[in-house]
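Take a look at the letters that make up each chain.
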Amino acid sequence: MLHIPIIRQNKKEIIELLKIRNFDASKLIDTLLEQDDSRKETQKELDELLAKSNQLSRKIGELYKRGEVEKANQQKTTSAEIKVQTKSLQDQYAALEKEITANLVQIPNVPHPSVPKGNTDADNKTIKEVGDVPTLIDGAKPHWELTTDYNLIDFGLGNKITGAGFPVYKDKGARLQRALINYFLDKNLAAGYTEYLPPHLVNEASGFGTGQLPDKEGQMYHITEDNLYLIPTAEVPVTNFFRDVIVKDFPIKCTAYTPCFRREAGSYGKDVRGLNRLHQFDKVEIVQIQHPEKSYDTLNEMVKHVSSILDELELPYKVLQLCGGDLGFTSALTYDFEVYSAGQDKWLEVSSVSNFESYQANRLKLRYKDEDGKTKLCHSLNGSALALPRIFAALLENNQNESGIKIPKVLQKYTGFDTIE
RNA sequence: GGAGAGAUGGCAGAGUGGUCGAAUGCGGUGGUCUUGAAAACCAUUGUGCAGCAAUGUACCGGGGGUUCGAAUCCCUCUCUCUCCGCCA
């Protein structure tokens with residue numbers, strides 16, 4: 001969520017920028033600032049009253065010590081009166097704070113000025129396109145046929161033991177999957193990221209910290225018995241490492257492989273065909289915590305890094321800057337990576353790299369100390385490097401020929417084979 | 001799963017219901033000394049909110065209660081540790 005002092009300082013600019021997302025914040029912000037004003041006033045009154053009460057208590061203590069019991073008892077009556085007043089002021093204060101937070105969480109992050117206006121993904125801006133769309137052999141197939149033909153994935157078996165959206169990888173399919181995970185992690189390590197293997201279940205506080213809770217509750221699998229949630233992305237456990245932390249050295253660079261679990265309620269049709277949309281999938285994530293002045297340099301660095309992976313995999317891809325309407329709620333600027341998957345003639349999103357500026361950090365209480373020793377909010381960023389299933393699909397579809405499926409060179413030392421026959 | 005113990009500042013660890021935001025040690029920062037370093041000595045060192053500031057206020061795992069007054073007493077939740085059982 002946004003930080004109130006920053007809203008106060010840059011009110012006009014923020015309202016203008018939020019229009020890029022087609023979000024009219026003017027009324028909400030006015031209400032918010034009014035509520036914050038009365039919160040301050042209430043606190044002032046309350047503090048004064050509490051000060052009075054504290055003084056009185058100290059006085060009563062002294063009177064008792066001196067044995068002046070009667071005088072002390074008189075003062076007690078006054079103290080009791082003050083207590084009634086403080087109680088009602090405290091309630092008032094708590095109510096105001098609650099309203100303020102409730103309003104605050106309704107305001108999405110302020111888009112970076114460079115974010116293009118727009119409503120849907122059709123308005124996203126193509127930053128660059130790399131690689132040529134491959135010409136396929138006659139009778140080229142989509143991956144959901146190739147995975148069966150070459151015995152790489154058994155969707156039916158997944159249905160049997162769990163349900164739709166839970167594929168079972170097998171033989172060279174399983175090995176290719178493992179190769180991709182290792183390759184991605186090694187690439188990230190070489191770029192200076194530290195590897196983590198976090199829990200796949202998180203508590204409620206973590207869900208709130210990165211913004212999945214309370215609003216997007218239905219998108220996560222919830223284990224009610226223990227009140228834990230299956231992670232929808234490694235972003236949740238990893239970013240929450242830094243909840244309530246005061247950072248000493250920038251940047252912090254983390255990478256983690258985890259399975260990701262998503263309920264995807266309401267998805268259906270051909271978008272969910274094969275590997276295109278799953279309830280469980282593998283992903284290698286990168287997360288950075290950075291000084292506010294450097295976060296956009298870092299964002300560019302992350303985009304370059306993801307690009308270099310796709311270059312090595314020899315997949316045609318494009319980088320898009322998301323328009324206001326397509327931008328995630330908590331992001332200030334997002335670049336999406338889409339890979340061309342020839343067998344189904346489709347561009348598939350395989351990575352989303354975002355700068356959240358201080359939006360997540362404010363929820364997480366993730367801070368650093370500036371030169372004057374004042375605590376300030378850090379910037380947080382993350383991206384996929386990369387999401388596996390769609391890469392898997394594109395590799396099969398683009399590299400198919402009469403004799404089998406070719407494995408890109410860079411992966412061969414990880415797979416231990418160069419073709420799937 | 002059964003029995004017990006505990007949760008205090010970056011860490012370790014005191015704390016009789018009143019001057020406790022909290023002893024002490026370690027660590028951190030600044031300084032003295034030194035050619036430099038170490039050692040020693042001196043000083044300083046939590047966070048939020050309000051305020052230009054002085055300062056005020058809140059916070060001793062979370063929530064509630066008793067009391068004029070709670071780190072300290074009571075209730076409750078969560079978590080951690082030890083022992084026993086089970087187990088990869």
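Our subject is the structure listed above.
The paragraphs below set out a description of the structure included in this document. Once a new chain begins, its residue numbering starts again from 1 and follows that chain's sequence as written. Chain A is the first chain written and ligand 1 is the first ligand written, with later ones labelled in order. Where local features are concerned, this predicted model is filtered to residues with pLDDT of at least 70; where side-chain atom pairs are given and counted, the filter is 80 or more; whole-chain, interface and lining totals use all residues. Note that water and hydrogens are dropped before the side-chain values are worked out from all heavy atoms of the structure.

### Here's the deal with helix H12 (residues 388-398)
Since the α-helix advances by 3.6 residues per turn, residues separated by three or four positions end up pointing in the same direction. Note on exposure labels: buried denotes an accessible area under 20% of the residue type's maximum, exposed denotes more than 50%, and partly exposed covers the range between, all computed with a 1.4 Å probe on protein chains only. Under the DSSP-based scheme used, a helix requires at least four consecutive residues in state H or I and a strand at least two consecutive residues in state E, with every element numbered from the N terminus. Burial analysis of H12 places 11 of its 11 residues in the buried class, the great majority of the element. By the burial criterion, the buried members of H12 are Leu-388, Pro-389, Arg-390, Ile-391, Phe-392, Ala-393, Ala-394, Leu-395, Leu-396, Glu-397 and Asn-398.

### Comments concerning the packing of aromatic side chains
A pair of aromatic rings is counted whenever rings of Phe, Tyr or Trp (Trp by its six-membered ring) have centres within 6.5 Å, and the orientation is called stacked for planes under 30 degrees apart, edge-to-face for over 60 and tilted otherwise. Per the counting criterion, the structure on display carries nine aromatic pairs. Ring geometry for Tyr-183 and Tyr-414: centres 5.9 Å apart, planes at 65°, overall edge-to-face. Linking Tyr-183 in helix H7 (residues 172-190) with Tyr-414 in helix H13 (residues 409-415), this pair joins segments that are 231 residues apart in sequence. On the basis of relative accessibility, which here comes to 22%, the residue Tyr-414 falls in the partly exposed class. Between Tyr-317 and Phe-337 the ring centres are 6.2 Å apart and the planes differ by 35°, which places this aromatic pair in the tilted class. One end of the pair, Tyr-317, is in strand E11 (residues 317-321); the other, Phe-337, is in strand E12 (residues 333-341), and 20 residues separate them in sequence. With respect to burial, Tyr-317 and Phe-337 carry one shared label: buried. One aromatic cluster in this structure is built from Tyr-183, Phe-184 and Tyr-414. A cation over a ring is seen here: Lys-172 above Phe-417, with NZ or CZ 4.8 Å from the ring centre. Note on criteria: charge over ring means Lys NZ or Arg CZ within 6 Å of the ring centre, with the direction from the centre no more than 35 degrees off the ring normal.

### Things to note about the packing of helix H2 (residues 11-18) against helix H3 (residues 26-66)
Helix axes are fitted only over the stretch in contact, all axes being lines through C-alpha atoms; the angle between N-to-C directions runs from 0 to 180 degrees. Put simply, H2 and H3 touch, their axes get as near as 10 Å, and they point 150° apart. Pair H2 / H3 crosses with right-handed handedness. In this structure, H2 contributes Lys-11, Ile-14 and Ile-15 to the contact, and H3 contributes Ser-26, Ile-29, Asp-30 and Leu-33. Three residue categories are used. Nonpolar comprises Ala, Val, Leu, Ile, Met, Phe, Trp, Tyr, Cys and Pro, charged comprises Asp, Glu, Lys and Arg, and polar comprises the others, including Gly. Taken together, the residues of the contact of H2 with H3 break down into four nonpolar, one polar and two charged. A crossing counts as left-handed when the near helix is turned anticlockwise from the far one by less than a right angle, and as right-handed when that turn is clockwise. Note on contacts: a residue pair is in contact if any heavy atoms of the two residues lie within 4.5 Å.

### Quick look at the side chain of Glu-338
Inspection of the secondary structure assignment puts Glu-338 in strand E12. His is not counted, nor are the chain ends; Lys and Arg add positive charge and Asp and Glu add negative charge. Within this document, salt bridges are pairs made up of a side-chain nitrogen of Lys or Arg and a carboxyl oxygen of Asp or Glu, the two lying within 4 Å of each other. Buried charge without a salt bridge: Glu-338, with Lys-318 as the nearest opposite-charge side chain at an N-O distance of 4.6 Å. If sequence neighbours within four positions are ignored, Glu-338 has contacts with Pro-316, Tyr-317, Lys-318, Leu-320, Trp-347, Leu-348 and Glu-349.

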